[in-house]
Amino acid sequence: MTKVPVQVERLPGGVTNHNYVLKSNGEKLVIRVAGVGTDDYINRKAEMQNAKAMSDAGIGPKIYFCEPETGFMVSEFVEGKTMTAEVLKENEKLLQAIVKVLRKCHTSDAMFANDFSPVRRIQQNIAILERKQAIPYYEEWKVVYAEFQRLAENMKTQRRELVPCHNDTLAGNFLGDEKCMRMIDWEYSGNNDLYYDLATFSMENELNEEEEKKFLDYYFEERQFEEKRFLENKFLTSFYWSVWSLLQIGYGKEKEFYYPYGEKRFDAAKTAWHRLEEV
């Protein structure tokens, strides 16, 4: 029997999970091992269906094997550079490529298995936090949480079109180049307001006012932009990731990393709320 050499290397990034590239006989595969505790707040069955739908649409990598019970996944290795906020800010063609694949996702006919409600997800995560106890909230938590509750109540009367969304659009989840861009990591995917993807992109990549305007101009072109809707989603995504960060600490991950990250997102939520009051 001929032995085939196999190499396994840890891929950089991966805040929630561990990712590895397996190299054998000139072929490459990506192996994803789910992080501890993620099943409490990630719907793995929905993720698998959504990732396959995006694969079929040419938006995400091909999925070769998945195990919903554990979150274990084997997928295509996509050649190209993983984006960073710094790179996309310097290269307008890369930013345009990202906008193109985002619009392709939002306008696709993909059948997602679930809806992603930021309000409901935040409420669920806070319930988990309360069960774990002894995790210090951020300063002014009660004030911001009260604002969240008011916004959640107001949104009950709003009807918005839900479209396939990634819901975690930081630069590191885009892979490729100016000609072909893909989106990876569909853990938080689900039908949602497309403004949530746009708000998350701006917040996670820390776009300044000029960079944000350029990004939104590329996306909407001549179509109408709704500032209030954008700011509401900017508040929701910022608050969501601040709560998510506390959840990571609750599962025993490094407080030194997750607390400052979450606190920064919490401050972004406060900023978005103050801007909302001015609209």
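Now for a description of the structure that goes with this document.

Procedures and definitions
Residues numbered from 1 in each chain as written. Predicted model: local features only at pLDDT ≥ 70, side-chain atom pairs only at ≥ 80, totals over all residues. Heavy atoms only, no water. Pairing = 2+ DSSP bridges. Helix = DSSP H or I, 4+ residues; strand = E, 2+ residues; numbered from the N terminus. Expected span 1.5 Å × (residues − 1). Buried < 20%, exposed > 50% of the residue type's maximum accessible area, 1.4 Å probe, protein only. Contact = heavy atoms within 4.5 Å. Polar contact = N/O pair within 3.5 Å; in protein donor to acceptor, adjacent residues only side chain to side chain. Salt bridge = Lys/Arg side-chain N within 4 Å of Asp/Glu carboxyl O.

## What to know about the sheet that holds strand 9 (residues 181-183)
Okay, so step 1: Reading across the sheet, the three strands line up as 6-8-9 and stay open at both edges, with antiparallel pairing between neighbours. Single-partner strands in this sheet number two, and they are strand 6 (81-82) and strand 9.
Okay, so step 2: Taken together, the three bridges between strand 8 (residues 174-176) and strand 9 define a ladder with antiparallel strand orientation. Note that in strand 9 the partner of Phe174 across the bridge is Met183.

## Overview of helix 1 (residues 44-56)
An α-helical segment advances 3.6 residues per turn. Residues three or four places apart therefore align on the same side.
Okay, so step 1: Between its terminal C-alpha atoms helix 1 stretches 18 Å, which fits the 18 Å expected from 13 residues at 1.5 Å a residue.
Okay, so step 2: By the burial criterion, the buried members of helix 1 are Arg44, Ala46, Glu47, Met48, Asn50, Ala51, Ala53, Met54 and Ser55.
Okay, so step 3: Structurally, helix 1 contributes buried residues whose contacts are with strand 3 (27-33), strand 4 (63-67), strand 5 (72-76), helix 3 (92-106) and strand 10 (190-192).
Okay, so step 4: One side-chain oxygen of the residue at the start of helix 1 lies 3.3 Å from the amide nitrogen of Lys45, identifying that residue as Asn43.
Okay, so step 5: Directly beyond the C-terminal end of helix 1, a positive phi value near 75° is found at Gly58.

## Describing the pattern of salt bridges
Okay, so step 1: Enumeration according to the criterion identifies 22 salt bridges in this entry.
Okay, so step 2: The partner of Arg103 in a salt bridge is Glu221, and the shortest N-O contact between them spans 3.8 Å. You can see Arg103 sitting in helix 3 and its partner Glu221 sitting in the loop between helix 7 (209-220) and helix 8 (227-250), a full 118 residues away along the chain.
Okay, so step 3: Among the ionic pairs, Glu206 bridges to Arg265, the shortest N-O distance being 3.9 Å. Of this pair, Glu206 sits in the loop between helix 6 (194-204) and helix 7 while Arg265 sits in helix 9 (residues 255-278); the two residues are 59 residues apart in sequence, bridging distant segments of the chain.
Okay, so step 4: Looking at Glu206, the relative accessible area reads 40%, which means it is partly exposed.
Okay, so step 5: You can call Arg265 buried: its relative accessible area is 6%.
Okay, so step 6: Within the structure, one salt-bridge network assembled from shared partners comprises Arg160, Asp193, Glu226, Arg229 and Glu232.

## Some details on the environment of Arg131
Okay, so step 1: If you trace the backbone, Arg131 turns up in helix 4 (residues 118-132).
Okay, so step 2: Each C-alpha atom of the pair Arg131 and Lys213 lies 41 Å from the other, and the pair is 82 residues apart in sequence.

## What to know about helix 9
Okay, so step 1: Given a rise of 1.5 Å per residue, 24 residues ought to cover 34 Å, and the 35 Å separating the end C-alpha atoms of helix 9 matches this to within 8%.
Okay, so step 2: Within helix 9, burial applies to Tyr258, Tyr259, Tyr261, Gly262, Arg265, Phe266, Ala269, Lys270, Ala272, Trp273 and Leu276.
Okay, so step 3: Buried positions along helix 9 lie against helix 5 (141-155), helix 6 and helix 8.

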